[in-house]
Amino acid sequence: MRMFNILRPGDCILAMAALIILLTAAGCNNDPSATSSAAGKNTDKERPAFLQIGEFAVNRISPERTEVRDGAGRTLVLIPREAPMPTDCAPSQVVRVPVRRVAAYGAFDVAVLRALGVLEQTLVGVTTPKERWHVPDVKRGMESGRIAFLGDAASIDYERLKQSEPELVLTWDPSIIPLMDDLHIPVAVTTTPQAMCLNARMRFVQFLAPFFHKEPEADAFFARIDAALRDIRARTAGATRQPKVMWGDIYEKRVMVEPGNAWVGELVGLAQSNYQFEDVFGTSCIEITVERFLYSGQDADIFFTYRSRDMGATSKAALARLNPLIKDIAPLKNGRAYAPLPHYSQSADKLDEILTEISAILHPEFYPDYQLHYFAELPDVDPVAVKEKSHDHI
Amino acid sequence: MKTVSARLWNRLSSINLTVALCLLLTMDLVWGYFCLNRRTALFTPLNDLGLIPWAQTYGSHNLLATGWFFLLLTLLALLAVNTFACTTSRVAQLLRAKGPGGWQRLALRLAPHVMHYGLIVILAGYLCSYLFTQVLTSSTLAPGSHLSLPGAGGQVQLLAVEPEYYQGERLAFWKNEVIALRARLLLSDNTGQREAFLSCNRPVRFQGYSLHLIDFAPKSLNGMKMKTRIDLHVRKDPGVALYLAGMALFSLGLILYFYQWIVHREAHR
């Protein structure tokens, strides 16, 4: 009480004035990321001059100049193809748009090009061989020779890359930047040190859109995903049971999971479920201790493994054989386990369907007769093993 | 009769204003804690964009999450003004009534005020850093590649990366992970060449720039094979000199204060 008695009204007013002015100003402005439902209706005039997408950003300085911040925090300057080279930045930072030839390291980047409708016209190089692609446009492009296999991401054939003449390289690997600078090919890093949140995952298409003058397509894509998310929220709002979910796997002695700040963790929470690694923060596919993984597995209901069928995830028993440590986690004993189908990682352009499918897995009661397209529920034992077992009985 | 400016000066130097500002600062920082926690990505670019470009982009487009920061700046500015007015009033009083003991005694009595001035200089240094620092973001170097410093004619070449791996037994999951990294750089300019070692907490200074290690790869002997690289932030920060001066001033005040405390204690024994 005594402390407040010594404050004179005049002093308080002086100090409070700043607070009130700033709070009022804060209340007058809206976070653009919060007004997601309007995004799909944006025209060029309505489109915000500045857009933050997780750790990415797009800053429209003028009709002739857009500055973007990539996943590594580097600034790239987008200018029209015929514009003179700006003098206030390094040539390696300048990208002439719309980009006509692009090389992409990740399947996610390729899927985003597909979502923007520019894959067939612009993609000239990838780091995954033809037989591992499930995207018809890419397979066709590689067959016709329009899209080149540049070599494995860890050992790119730079001669081949140079021959492909890309005007932009989309990569998760910043170590190629010095060499790309020497080749005068601009690079955009499309991954971030922290896992992408759900909003960033949905909006990433709006980061790549200015490179191809495809902003309306990006807005439409975002609106589609937003609608799917609203549907998920509406359908699962009445859920009385909240399943516990874990997403990750153990590889030899390393345990990798999706952290709580990743889009997966956010989606699970949004679909009225509990994510077991909600308190884990960091990069996508983050390493945690075996003990923590097993502890979270004690009472989990659903387990999403990173492993696909060709990596050995054919049944719960197969997973337990691969990692005897996890054989006692609840989803493998009396819960459910899911493995991604081979085309899942190349289907980011169908994000709305993937989100809906995950929601359907978490709450099958709200999605009667739903057929899985991107994940497979793992049986208790391999079908072959069952056959052999029945054969033994005979 | 007091003039308006004298009344304003008195109001600005009031201890009551200090208390009010400290309370507001506390409330504002509680708000800031939640905003920083939930929207960390909004504030990361502040380190390299500078205050004005950040305020024009991230800051002004997300005021609900960044308002606390603008308020913090305002409150800190008011606190600096309040500290300056309060300290200057007191210093003026001390100078007017020097009393017995001469300049030595006066210097000792000024000790806390020297610390206050030091604090103001430190705050000014930070403001200067955020306003005027030039940053070359995420410059990536692979072994053998080089980087040209803007406008300085200097070049930085990465000679080698020397990682130190964890080889202990206690933390099994850290086995073969990089726990320290040292990058060997070759710095060249018109005057010659020299080698320098860069590590996480040891930036390299060259031609008015400071080179900071931000990230590197690979981080482990196990797992995915990554190519060797280091990511640097190259900064030219005019605020450093100011806050070093502020720290020196603060330290001087602290030494004087400590000396005065000892003298005072001895006198009362």
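Residues numbered from 1 in each chain as written. Chains lettered and ligands numbered in written order. Predicted model: local features only at pLDDT ≥ 70, side-chain atom pairs only at ≥ 80, totals over all residues.

### A look at the overall build of chain B
Looking only at helices and strands, one finds 9 helices and 8 strands in chain B. The C-alpha atoms of chain B give a radius of gyration of 25 Å, which is well past the 18 Å a tight globule of 269 residues would have. Its C-alpha atoms give chain B principal-axis dimensions of about 75 × 50 × 50 Å. Buried positions account for 25% of the 269 residues belonging to chain B. Within chain B, contacts between residues at least 6 apart in sequence are counted, and of these 62% link residues at least 24 apart. (Helix = DSSP H or I, 4+ residues; strand = E, 2+ residues; numbered from the N terminus. Rg over C-alpha atoms; globule rule 2.2 N^0.38 Å. Buried ≥ 20, exposed ≤ 12 C-beta atoms within 10 Å, placed from the backbone. Contact = placed C-beta atoms within 7 Å.)

### As for helix H14 (residues 351-362) of chain A
In this model, H14 of chain A (12 residues) spans 17 Å end to end at C-alpha, consistent with the 16 Å of a helix rising 1.5 Å per residue. Of the positions making up H14 of chain A, those classed as buried are Leu351, Ile354, Leu355, Thr356, Glu357, Ile358, Ser359, Ala360, Ile361 and Leu362 of chain A. (Expected span 1.5 Å × (residues − 1).)

### Some remarks on the domain arrangement of chain A
All names here are of chain A. Assigned domains of chain A: these are domain 1 (37-215) and domain 2 (239-387). Measuring from the centre of the C-alpha atoms in domain 1 to the corresponding centre in domain 2 gives 30 Å. Of the residues lining the interface, 18 residues belong to domain 1; the matching set on domain 2 comes to 18 residues. Secondary-structure elements contributing two or more residues to the side of domain 1 that touches domain 2 are helix H3 (107-116) and helix H8 (198-212). Along the lines of polarity and charge, the residues of the side of domain 1 that touches domain 2 split into 14 nonpolar, 2 polar and 2 charged. (Domains from an automatic or database assignment. Nonpolar A, V, L, I, M, F, W, Y, C, P; charged D, E, K, R; others polar.)

### Quick word on the pairing of strand E4 (residues 178-189) of chain B
Residues and elements named next belong to chain B. In the sheet, strand E3 (residues 155-165) pairs with E4 via 10 bridges, with the strands oriented antiparallel. Following the sheet pairing, Tyr165 is matched in E4 by Val178. Where E4 hands over to strand E5 (residues 192-199), the hairpin turn is made up of 2 residues, counted between the paired strands. (Pairing = 2+ DSSP bridges.)

### Quick notes on the environment of Arg90 of chain B
Secondary-structure assignment places Arg90 of chain B in helix H6 (residues 63-96). Between the alpha carbons of Arg90 of chain B and Ser13 of chain B there is a distance of 9.5 Å; along the sequence they are 77 residues apart.

### Considerations on the pairing of strand E2 (residues 56-62) of chain A
Residues and elements named next belong to chain A. Bridging between strand E1 (residues 50-53) and E2 involves 4 bridges; their strand directions are antiparallel. Within the sheet, the bridge partner assigned to Gln52 lies in E2 and is Ala57. Connecting E1 to the next strand, E2, in antiparallel fashion are 2 residues, including Gly54 with a positive phi near 60°. The pairing of E2 with strand E3 (residues 65-69) spans 5 bridges and is classified as antiparallel. In the sheet register, Asn59 faces E3, and the bridge partner there is Glu67. Two successive antiparallel strands, E2 and E3, enclose a turn made up of 2 residues.

### Quick word on helix H9 (residues 215-236) of chain A
Residues and elements named next belong to chain A. With 22 residues, H9 should cover 32 Å at 1.5 Å per step; its first-to-last C-alpha distance of 32 Å lies within 8% of that length. Residues of H9 that are buried include every one of Ala218, Asp219, Phe221, Phe222, Ile225, Leu229, Ile232 and Thr236, and no others. Down the axis of H9, the smallest arc covering the buried residues is 160°, so these residues share one side. Those residues of H9 that are exposed and aimed more than 90 degrees away from the buried face are Arg230 and Ala234. Those residues of H9 hidden inside the fold are in contact with H3, H8, helix H10 (263-270) and H14. (Arc of directions from axis to C-beta.)

### A look at the packing of helix H8 (residues 111-132) of chain B against helix H9 (residues 239-267) of chain B
Residues and elements named next belong to chain B. Put simply, H8 and H9 touch, their axes get as near as 7 Å, and they point 165° apart. Taken together, H8 and H9 sit at an angle that is classed as roughly antiparallel. Two packed elements cross with a definite hand, and for H8 against H9 that hand is left-handed. (Axes fitted to C-alpha atoms, helices over the stretch in contact; angles between N-to-C directions. Parallel < 35°, antiparallel > 145°, perpendicular 65-115°, else oblique. Left-handed = near helix turned anticlockwise from the far one by under 90°.)

### Some thoughts on the sheet that holds strand E5 (residues 94-97) of chain A
Residue and element names in this part refer to chain A. The strand order E1-E2-E3-E4-E5 describes an open sheet built from 5 strands, whose pairing is mixed. Of all strands in the sheet, those bounded by a partner on one side alone are E1 and E5. Across this sheet, the average inter-strand angle for adjacent strands is 20°, counted without regard to direction. As judged from the 4 bridges shared by E3 and strand E4 (residues 75-80), these two strands associate in the antiparallel manner.

### Some points on the nonpolar core
All names here are of chain A. In terms of nonpolar packing, the biggest core is built from 106 residues, with Ala104, Val110, Val112, Leu116 and Val205 touching the most fellow members. With 10 residues, the single largest contributor to this core is H8. Structurally, this core is a two-domain feature, drawing no fewer than three residues from each of domain 1 (37-215) and domain 2 (239-387). (Core = buried A, V, L, I, M, F, W, Y, C linked by C-beta atoms within 7 Å.)

### Overview of the packing of H9 of chain A against H14 of chain A
For any two helices packed against each other, one specifies the crossing angle of their axes together with the interaxial distance. All names here are of chain A. Two elements in contact, H9 and H14, have axes separated by 8 Å at closest approach and are oriented at 15°. Compared by their axis directions, H9 and H14 come out roughly parallel. When you trace H9 past H14, the crossing you get is right-handed. Between H9 and H14, the contacting residues are Arg224, Ile225, Ala228, Leu229, Ile232 and Thr236 on the first element and Leu351, Asp352, Leu355, Thr356 and Ser359 on the second. Its residues assigned to classes, the contact of H9 with H14 shows 6 nonpolar, 3 polar and 2 charged.

### Remarks on the environment of Ser273 of chain A
All names here are of chain A. With respect to the helices, strands and loops of the structure, Ser273 is situated in the loop between H10 and strand E13 (274-275). Overall, the presence of 23 C-beta atoms within 10 Å leaves Ser273 in the buried class. For the pair Ser273 and Lys244, spaced 29 residues apart in sequence, the C-alpha separation works out to 6.1 Å. Those residues within four positions of Ser273 in sequence are excluded, and the remaining contacts are Gln242, Pro243, Val245, Val268 and Leu362.

### As for unusual backbone geometry
Across the junction of Val97 of chain A and Pro98 of chain A, the peptide omega takes the value 0°, indicating a cis bond. Counting through the fold element by element, Pro98 of chain A comes out in the loop between E5 and strand E6 (102-104). Here the amide bond leading from Ala217 of chain B into Pro218 of chain B is cis, since omega sits at -5°, within 30 degrees of zero. Its location among the elements puts Pro218 of chain B in the loop between strand E7 (209-217) and strand E8 (229-236). The phi dihedral of Glu165 of chain A falls on the positive side, at around 50°, and the residue is not glycine.

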